[in-house]
Amino acid sequence: MRKRETVGSGWREAHFGRAPLVAIALAVVVLAARPAGTGDSPDCTDPQSGCSLAETAAQAGFWVGAAVGNAASHPSTQATIGGHFNSMTAENAMKWGPLARRVGEYDFGRADALVGLAEERAVRMRGHTLLWGRGPLPVDLESEVNQSPNPQARLRELLDQHIRTVVGRYAGRVQSWDVVNEPLSVAGAAFDYNLFFRTLGESYIAEAFRIAHEADPGAQLFLNEFFFVYSGSPKSQAFLALVEKLVAEGVPMHGVGVQAHFWDYLPIALPSREEFQNFLQALADLGLAVELTELDISRHYFDQGPDPLLRQAEFYSEITSACVAVPACQGITTWGIDDPGTWLDVTAPFDQVAPHEPLLFDAELQPKPAYFSMRDAVAERIIPFTARALLRLFDESVKTGALEGAGPPGSAVAKLRSLRSSLEKTVKYIDSDRVSGACRELERTARRLDTDGSSRAFATGPAARDLEEAIRELRGLLACDS
Ligand code: XIL
């Protein structure tokens, strides 16, 4: 991400939180690719705009990704990474076992190719996953640890080497890591009783984050987990408690990943949108970024009624809207690209009821109804995101001195404060769907910026015009003048 901060220009790009910078850079690239003279990029809030998922996500400051299991050269990957997805995850290539069949014997070929593809297509890369007790490990890891005179010290040493080797190799190129995957047992509140936990207790989790942070201080570090029941279950409660504890201890953890596999094998009902959103909000309330990291939705939930794929699309929309409504929820990754590539169809026990058709593209690589419903739900983020970016632009401009209050010192400060409070109110109006209030605040703010030497200005300076333009753009999105 650091490298890409220089890509493109435009007022939103520079005033974006850390994570979505690439998304905005992408929007700028899309803009730059449009014929000169046509003015703005298509407005993806307009359902008729024909925006792709990735274009919509770029305007919404949001990540839409897919896990790539195939080689970087596979047609499904080539056809979708970049144009439809602005993020990708290695489905298997970066797990410890696939990287190193035996301890210390690394083969980075497949992982390197995926990182290369992400760079070529200018999408974000998520690394998955450094430590997964239930996942594939080097065949000799367990014996290495257990045959050592000091298993704890030996495992610590091996974890340290592994995390430094992998995160260090991709520092600055893999923007986000699932540092620990599935720390809890399948159901219930206990920790997963894996090699790491058996040997080191829960301390392995915090330790892994500290090492990863040292190896790449710029990477966004995640704890990733799956759930059957999202609100109030022993497992979801235990996860919240674990995250809260890690935060309180100052562990360098920046986000939590909610896998979000919906595969209709156990007789567990789908969560309501409200239940799902409440869980995401509870995680966000701990001060962390949230992402849905492995979304797939089996069509079998809907087989009994008419149009299963349309009903699947509706559920995709609900899940996406739930994330989009939580400002800290910054992205969604589907676990695969096209239906024939889903892990569910080839993994026991889910394979018993294949095909699941759980993804956004069909066997012909055509977007399914779920693709369009997800896109439209992502578009709900564009206006709130733009309003927040405007507030950030204001703050940055004040901080750098590009915007100054007008008048004698005391009154200049008060005027800046009042402008800021108008912009804050705008965000609140937008979050509660009160468009006329937002339009009124924006109009007031615009009038108070001095771009023409007016003596009634509240603020002045080189950033005043940028702000004015940003306000005009937001007013346009809100259709304030019609
Ligand atoms: C799965 C892959 O999709 C399969 O190809 C592989 O055989 C097993 O792992 N939770 C996770 C992912 O965190 O890493 C898993 O991926 C799916 C469940």
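Notes on the structure in this doc start here.

This part covers the overall build of the chain. Along the backbone of the chain there are 17 helices and 11 strands. Since a compact globule built from 482 residues should have a radius of gyration of about 23 Å, the 24 Å found for the chain is in line with a globular shape. For the C-alpha atoms alone, the extent of the chain along its principal axes is close to 80 × 55 × 45 Å. The buried share of the chain, taken over its 482 residues, is 53%. A separation of at least 24 residues holds for 74% of the contacts in the chain among residues at least 6 apart in sequence. Put simply, the chain shows about 19500 Å² of open surface, and 52% of that area lies on carbon and sulfur atoms. Across the chain, the 46 positively charged side chains and the 62 negatively charged ones have centroids separated by 6 Å.

This brings us to the nonpolar core. If you look at the biggest cluster of nonpolar residues, it comprises 131 residues, and the most contacted ones within it are Trp 177, Leu 223 and Phe 276. Residue contributions to this core peak at 8 residues, all from helix α9 (residues 203-215). In contact with Leu 223, other than residues within four places in its own chain, are Val 180, Pro 183, Ile 205, Phe 209, Phe 239, Leu 242, Val 243, Leu 246, Met 253, Gly 255, Val 256 and Gly 257.

All chains considered together, the criterion is met by 23 aromatic pairs. Here Phe 226 and Phe 228 contribute two aromatic rings whose centre-to-centre distance is 5.6 Å and whose plane-to-plane angle is 75°, an arrangement assigned as edge-to-face. Residue Phe 226 is classed as buried on the basis of its relative accessible area of 14%. Cluster of aromatic residues (ring-pair linked, three or more members): Phe 227, Tyr 230, Phe 239, Phe 262, Phe 276, Phe 279, Tyr 301, Phe 302 and Phe 315. Of note, Lys 235 hangs over the ring of Phe 227, and the distance from its end group to the ring centre comes to 6.0 Å.

A complete count under the given rule lists 3 disulfides for this structure. Disulfide pairing places Cys 323 opposite Cys 329 at an S-S distance of 2.1 Å. Measuring the twist about the S-S bond at about -100°, one finds the Cys 323-Cys 329 disulfide to be left-handed. By the burial criterion, Cys 323 is buried, and Cys 329 matches it. By sequence-ordered numbering of the bonded cysteines, the chain has its disulfides arranged as 1-2, 3-4, 5-6.

This part takes up helix α13 (residues 369-379). A large share of α13 lies buried, amounting to 8 of its 11 residues. All of the buried residues in α13 are Ala 370, Tyr 371, Ser 373, Met 374, Arg 375, Ala 377, Val 378 and Ala 379. Residues of α13 that are buried make contact with α2 (53-60), β1 (63-68), α12 (308-324), β9 (329-334) and α14 (382-400).

For the rest of this paragraph, the subject is the site of the ligand. The ligand sits among Glu 91, Asn 92, Lys 95, His 128, Trp 132, Asn 181, Glu 182, Gln 259, His 261, Glu 294, Trp 335 and Trp 343. One nitrogen or oxygen atom from the side chain of Glu 91 is found 2.4 Å from an oxygen atom belonging to the ligand. In this structure, Asn 92 approaches the ligand through a side-chain N or O atom, which is 2.9 Å from an oxygen atom. About the coverage of the ligand: the protein hides 78% of its 410 Å² of free accessible area.

Right, let's get into the packing of α2 against α13. Running from amino to carboxyl end, α2 crosses α13 at an angle of 15°, the nearest separation of the two axes being 9 Å. Relative to α13, the element α2 is oriented roughly parallel. Taken as a pair, α2 and α13 cross one another with a handedness that is left-handed. Judged by residue contacts, Leu 53, Thr 56, Ala 57 and Ala 60 of α2 engage Tyr 371, Met 374, Arg 375, Val 378 and Ala 379 from α13.

The next point concerns the pairing of strand β4 (residues 176-181). In terms of burial, β4 is largely enclosed, as 6 of its 6 residues are buried. The pairing of strand β3 (residues 124-132) with β4 spans 5 bridges and is parallel. Within β4, the residue paired with Leu 131 across the bridge is Val 180. Note: β4 against strand β5 (residues 220-225), 5 bridges, orientation parallel. Note that in β5 the partner of Asp 178 across the bridge is Phe 222.

Cut-offs and rules
Residues numbered from 1 in each chain as written. Predicted model: local features only at pLDDT ≥ 70, side-chain atom pairs only at ≥ 80, totals over all residues. Heavy atoms only, no water. Helix = DSSP H or I, 4+ residues; strand = E, 2+ residues; numbered from the N terminus. Rg over C-alpha atoms; globule rule 2.2 N^0.38 Å. Buried < 20%, exposed > 50% of the residue type's maximum accessible area, 1.4 Å probe, protein only. Contact = heavy atoms within 4.5 Å. Areas by Shrake-Rupley, 256 points an atom, 1.4 Å probe, with all protein chains shown as cover. Lys, Arg positive; Asp, Glu negative; His and termini not counted. Charge placed at Lys NZ, Arg CZ, Asp CG, Glu CD. Core = buried A, V, L, I, M, F, W, Y, C linked by side-chain atoms within 4.5 Å. Phe/Tyr/Trp six-rings, centres within 6.5 Å; stacked < 30°, edge-to-face > 60°. Lys NZ or Arg CZ within 6 Å of the ring centre and 35° of its normal. Disulfide = S-S within 2.5 Å. Near = heavy atom within 4 Å. Polar contact = N/O pair within 3.5 Å; in protein donor to acceptor, adjacent residues only side chain to side chain. Axes fitted to C-alpha atoms, helices over the stretch in contact; angles between N-to-C directions. Parallel < 35°, antiparallel > 145°, perpendicular 65-115°, else oblique. Left-handed = near helix turned anticlockwise from the far one by under 90°. Pairing = 2+ DSSP bridges.

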